[in-house]
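Listed below, chain by chain, are the residues.
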Amino acid sequence: MGPEVPLLNDYKQEFFWKRFPQTLLGGPRLKLGYCAPPYVYLHQLLLFLTPCMLGGVGTALYQVGVLGDAYAATLSGGLMLAVAAVLQTLAQCVARRTGVVQRLSAQQNNILADEEEVEFSHCVAPETVRFVVPGKKFIVNVVLHTLLAGMLCGLGTWYLLPGSLSSLYGGMGAAMPVFALSWVTLCSGEYALIVNTPPETATFQPQDTYEITALTRPLYILIFIAVDLVYRLTDPMNELRLACQVLHGVFVVLPVLWALGTLPPPDALLLWAMEQVLVLGLGGSPMATNLRLLVMFLISASVAVSAYFIPSSLGVVLFTVAMGYLLSQDGSQLGALCGRVRPQARALSLGLKGLPLGLLFLAGSMADGGLLHYYLYEPFNQTVNVTTLEEDAAGAPVEVLPSVRLQGPQAAVGYVLICLFLLSRGLREIQGVFVLGGTLRNPLYPRQTGCSQAFRRSSRGLLLAGYLRRALLHLVAPFAMIAFLALDASLQDLHTASLAVGFTRAFRMVWQSSDEALLQMVIVVLARLGSGGAPATGWHGLGTGIQLLVIGLLIDRASQFVSKLRFALTVIVTSWTETKQRRQSTSAMLVVNAVLFPLLLAELVLSALLSAPLLPLFTLPIFLVGFPRPLRSWPGTPGTACPCPDSVYYQQLSTRLASALRGAIACGALGAAPPGSHFLCRFQDRVMWLTVLERGYGYCTLNIKGLELQETSCHTLEARRMDEVFEAALAHHAPAAQSPCCRQLLQLNPHWGNTLTPRCALPVRLYSDARNVLTGIIDSHEHLRKLRGDYVKVLLWLLLQRCAQRDRLTPQQLQEKVPLSPGANSSSSLHALRQRDTQVSTHVAPSHPSFSSSSSSTSSSSSTSPDQRGSLSSSADWLDDDDLFGPQVVARRLAQQPQPQERNFSLPGSVEVLSLYENMALSALPPLRPLGLGMPAADRGSSGGGLHEDPSSQGPGQQQQGQQGLQRRFSGPHSQLLPGEWRTAPLAPPQMQQLQPLVPSDWFHFAVGRALLASAGGPHAVTLLQEERDSLELFGQVALSCLVALGLEGELPSPGLVFRLYGGGAPWSEALDWLKGRRELHQLALKAFRYSFKLLFDQASLGPIDSPEELQATLDEYEHHWYIGTASDHGWQESVRQEKPFLFSLGHDLAMGTYTGRVLTLQEQLVYVGQVCAEGVRGQWANLSWELLYATNDDEERYSIQAHPVLLRNLTVQAADPPLGYPIFSSAPLHLACL
């Protein structure tokens, strides 16, 4: 990547500078990019100032004493309502008028013209009105926005009355600038509401379907006005007065905040507010979907409200403990148990055992809290004495407040909590690769991570430590924390908000996030132990519930500040240290950051307080505060992806990886892993992106994404750096004797500044991908000479397997398995199948009682059939719809035979004989009959090789002998299972006789014996060996027909032909058209060739196969444990989904000019897992949203998508949800049972 890649191309720069002034002013398009009449700008300016003029009327009447403040505001609002109604009515009329027939100008027909260019005819033309006031899409919005515009103007007039501002600021000197600039803010909000909605930099949804963006600015204006209303209508308070003064100052700069994208749109604001209240105020967790967030917020708020009205402290304890446990459970698991929700994989769910276990925990927690509170609770157990009045030395009464001190049972429980926290935190730290924030390598973590079995053996100690931590954190700590809260004296303050909210949150956090709750409670215990009996004022007078809430808020915001600071420093430092990221303006940006470092810290503090992402503009060291949004960063439900054929590997991997992550999360190998955490998993060329969506007691909800496997330059660069980071931490193979013990204990993380921190290695059962160059195998003459013989053997074996399989089928199943003839309709084909089933008995020996003979059909077929020869060329005389097990022969002329549709003759009336006898000399061909269009008759044993024999030229004995041979050779058990159309290949007898030595009789005898053992007890098992000779001739003819049809009659096929045949292609011939017309036979022929090539590959790699038993075992293994085909086949993807043990494909590397073999093996391998800086991901995603949705910078070579080896910028962009990102796989939210 060049350092001077443009941030925005020339066209996008022009587009941006046209759009940004529109955003800043609230909608007026004062820069169009083309010539427009002056009245277009005048219209927009007048409409922009209309609210100010109408509000000025009311303000003037109020100032002269004609109207009061309320009446003046009402007058201004009514006037604005009338103007808004007229504008919306005019816009709707123009839209209806031009909606049916629209005049197209010459420039609009020009496809090279600017898409936004409009031709104006006069000042009130329809196109002018439509350009200035586009109107609303929905009638509901027309009414709603019109009413809101009137109310906004009236309240704004009342909010900005000069007398009120003067009394607020103590003089007109400060009030008048605020008055003038505030009307600019109000005008921009009114213009966006009723005239034209501006494009907002704070864009959350890709499309504004319901016109919510128009409500963004009026919403914030109404919020500011509401605070001022509270100040004016209530008793004056200094704090509220100060808030109003500050908000009036912020009101002036609202257009700047809207232009910078700091304030969120209404939908993002609502979701963010619900999430913050649920997590920080009610003790919940961020939810995986918006619907779950809404439902959980309403239920949790109802619980807090209900706790306010409970009359006894014992009732509060029992109710909040029970509801806290129930709300911390996974609702999807409960729905799966009730049968209302489709359960996920069994390995990921609790199953039926989760219900009694959950009831046991619920009963135990309620008994723990209720009994301790009932028997050991003392309302003032924290105080030495209650509030009393004493006299000082002067005799004046002095109020003595109660002191804060831990004593009795609660003190003992507090010490237990401290011990539990130290043990659980220490056991969690040793589970990962690094300790102390990723700075030092864990000396207890296994160093040999090359083999999964060796890794399991060396990590048994860590596994036991993980089990101990799991027991302490999930079984002991919750009951200890419930005991501490049940004995707290704050429970006496019934019917207070601090009790209802504080203890609802505290008892919920005990289960929802035991690790965080334990930390917060230990801080409270340490604060009370360190107070030394201080008076219960200030902090100590808040109560335990509110103290825990404040501590949780401070810890959350402090951790966000540290993470954002690390991300900002990484962007600043790497912009200079990484040579490819260094631009000409980098030095200037670094100087500005150094000079304005206090401003940068203020941005970091504001971003942390709002829980908003820190947005690096174009991923440069230019930082903005992004608008607050939910922790997921995206509005939709996770699970959307851009699928491709490679997605199936991630689909198979996702369930296995999720199952392996259960134990890692429960044991703490991934750290705390709160909601919003991001992890990268790496194995070979696969990169998985994990996002923690939701956490609760004993469960975790994840989203797993699979990134593209294409080896682009940016992807390869970041993947290589990711491999270096993992290898430095997890693939350390240096023996212990080479370095001192102290250096091993203090081994620093060489990639500490990278956004990726390795966490652990997980054994996962997945496909390992091995690719081999086949040079020396596919081009070896020694191996290629064996291909024809192996092919015939494999095809004979497959045909016998088909026969054995059909021999075990019922008549109904057999009827379903019979392939239909191509080109025949379904009704005629079914009728032909029924006829074939009824005519089977005409060719079966009398020893089979299941079949009856029909002498009439036999005699009719034998009397009209000519003598048969051993070649399949004579089979062309048989009809396609004759009997499957004993074809009825009808003599036909060559001219009457159906020809392939793709056959083309060079001259009209000529016969293309070269396609039938391409391997014979023309002089060897017999002369053609000029009238009969047939070949001269020849005896069966002669080498004449004619296509037809005349039955009249034979004697009666020869005809009877031929008929008996026909009946005998085509009546064997296996021949009955071969369709008659498979014996109609248009091939010459000499060619078949030449290839006859390729048919291995010994292998066929062996395969038949194995088939006899496999189908023992079947209806045809008795005669299986009796008809073996004739079956060999018939099966050999079918196999050789397929051999010739594929173009393998040559002794030494070329590597190009082998690759082409493996992929399903073949040189065109009339025999190939015949084979493609028999779909089942064509599939068997292709399958046989792929098996043959795999056999060739194995023999070249592992050694030759010498015995039939070994060949039989190899083919059985291919059939049951392998899929041999191409990666683009549908069967390949199905085999991956079904977890076939082995897959093999043949490929061709066009760049290198070599053939490659690819083998996928399902086995347990180690997958490396690392944690990505969450704030870095949120910041880059915020920039991606701004850059694509506002600046529309969709250039594939833009700067912000180029490879960054430290920030992993390209991978982070890929992992974003579509349409901004492009992961090839994204799972639905996976709910993992981690208890």
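Residues numbered from 1 in each chain as written. Predicted model: local features only at pLDDT ≥ 70, side-chain atom pairs only at ≥ 80, totals over all residues. Heavy atoms only, no water.

**Q** Residues and numbers for the state of the cysteines, please.
**A** On inspection of all chains with the given rule, the structure shows 0 disulfides. Free cysteine Cys642: the closest other cysteine sulfur is in Cys644, separated by 9.2 Å. (Disulfide = S-S within 2.5 Å.)

**Q** Residue-level account of the nonpolar core, with values.
**A** Grouped together as the largest cluster of nonpolar side chains are 73 residues, with contacts concentrated most on Leu657, Leu661 and Leu670. Take this core: its biggest share by element is 10 residues, from helix H24 (residues 647-667). Filtering out sequence-adjacent residues up to four positions away, Leu661 remains in contact with Leu670, Leu690, Leu702, Leu762 and Leu1232. Membership of the second largest hydrophobic core comes to 67 residues, among which are Trp797, Val1038, Ala1045 and Trp1122. (Core = buried A, V, L, I, M, F, W, Y, C linked by side-chain atoms within 4.5 Å. Buried < 20%, exposed > 50% of the residue type's maximum accessible area, 1.4 Å probe, protein only. Helix = DSSP H or I, 4+ residues; strand = E, 2+ residues; numbered from the N terminus. Contact = heavy atoms within 4.5 Å.)

**Q** So what's going on with the packing of helix H18 (residues 460-486) against helix H19 (residues 497-512)? Residues and values would help.
**A** Running from N to C, H18 and H19 point in directions that differ by 165 degrees, and their axes come no closer than 9 Å. Here H18 lies roughly antiparallel to H19, going by the angle between them. Handedness of the H18/H19 crossing: right-handed. Of H19, the residues touching H18 (which contributes Pro478, Phe479, Met481, Ile482, Leu485 and Ala486) are Phe503, Ala506, Phe507, Val510 and Trp511. Looking at the contact of H18 with H19, its residues break down into 11 nonpolar, no polar and no charged. (Axes fitted to C-alpha atoms, helices over the stretch in contact; angles between N-to-C directions. Parallel < 35°, antiparallel > 145°, perpendicular 65-115°, else oblique. Left-handed = near helix turned anticlockwise from the far one by under 90°. Nonpolar A, V, L, I, M, F, W, Y, C, P; charged D, E, K, R; others polar.)

**Q** Run through the packing of aromatic side chains, naming residues and quoting values.
**A** Within this structure, the stated rule accounts for 35 aromatic pairs. Here Phe1093 and Phe1144 contribute two aromatic rings whose centre-to-centre distance is 6.3 Å and whose plane-to-plane angle is 35 degrees, an arrangement assigned as tilted. Of this pair, Phe1093 sits in helix H39 (residues 1079-1102) while Phe1144 sits in strand E12 (residues 1142-1149); the two residues are 51 residues apart in sequence, bridging distant segments of the chain. Judged by relative accessible area, which is 1%, Phe1093 ranks as buried. Looking at Phe1144, the relative accessible area reads 0%, which means it is buried. Among the aromatic residues, ring-to-ring pairing joins Phe16, Trp17, Phe20, Phe618, Trp1186 and Tyr1190 into one connected group. Arg19 extends its terminal NZ or CZ atom over the ring of Tyr1190, reaching a point 5.5 Å from the ring centre. (Phe/Tyr/Trp six-rings, centres within 6.5 Å; stacked < 30°, edge-to-face > 60°. Lys NZ or Arg CZ within 6 Å of the ring centre and 35° of its normal.)

**Q** Please set out the side chain of Arg1090 residue by residue, giving values where relevant.
**A** Tracing the backbone shows Arg1090 in helix H39. With near-sequence residues (within four places) excluded, Arg1090 lies in contact with Tyr1062, Gly1063, Gly1064, Ile1124, Gly1125, Thr1126 and Asp1129.

**Q** So what about helix H38 (residues 1070-1077)? Which residues, and what values?
**A** With 7 of 8 residues buried, H38 is to be regarded as a mostly interior element. For H38, every residue scored as buried is listed here: Glu1070, Ala1071, Leu1072, Asp1073, Trp1074, Leu1075 and Gly1077.

**Q** Got a sec to walk through the pattern of salt bridges? Specific residues and values, please.
**A** Inspection of the entire model under this criterion finds 24 salt bridges. A salt bridge links Arg721 to Glu724; the nearest nitrogen and oxygen atoms lie 3.4 Å apart. With a gap of 3 residues between them, Arg721 and Glu724 both fall in helix H25 (residues 713-730), about one helical turn apart. Salt bridges linked by common partners bring Arg425, Arg428, Arg469 and Asp515 together as one network. (Salt bridge = Lys/Arg side-chain N within 4 Å of Asp/Glu carboxyl O.)

**Q** Got a sec to walk through a nonpolar patch on the surface? Specific residues and values, please.
**A** The grouping of Leu24, Leu25, Leu30, Val253, Val256 and Leu260 at the surface amounts to a nonpolar patch, some 430 Å² of accessible area in total. When residues of the nonpolar patch are traced back to their parent elements, those giving at least two are helix H1 (10-25) and helix H10 (254-260). Mapped onto the elements, Val256 comes out in helix H10. Taking the relative accessible area as the measure of exposure, Val256 reaches 43% and is therefore partly exposed. (Patch = residues over 30% accessible without salt bridge, like charges linked within 9 Å, V, L, I, M, F, W, Y side chains within 5 Å. Areas by Shrake-Rupley, 256 points an atom, 1.4 Å probe, with all protein chains shown as cover.)

**Q** Describe unusual backbone geometry, listing the residues and the values that go with them.
**A** Geometrically, the link from Pro1218 to Pro1219 is a cis peptide bond, its omega value of 10 degrees lying close to zero. When you line up the elements, Pro1219 lands in the loop between helix H43 (1209-1214) and strand E14 (1225-1226). Positive phi, close to 55 degrees, is recorded for Leu436, a residue that is not glycine. Counting through the fold element by element, Leu436 comes out in the loop between strand E3 (434-435) and strand E4 (440-441).

**Q** Can you tell me about the pairing of strand E8 (residues 686-696), naming the residues and giving the values?
**A** Along E8, 11 of the 11 residues are buried, which leaves the element largely enclosed by surrounding structure. Across 6 bridges, strand E7 (residues 678-683) lies against E8 in antiparallel orientation. For Arg682, the partnering residue across the bridge sits in E8 and is Val687. Here E8 pairs with strand E9 (residues 699-706) via 8 bridges, running antiparallel. Bridge pairing links Met688 to Gly706 in E9. Between the end of E8 and the start of E9, which pair antiparallel, lie 2 residues, with Gly698 showing a positive phi angle near 80 degrees. (Pairing = 2+ DSSP bridges.)

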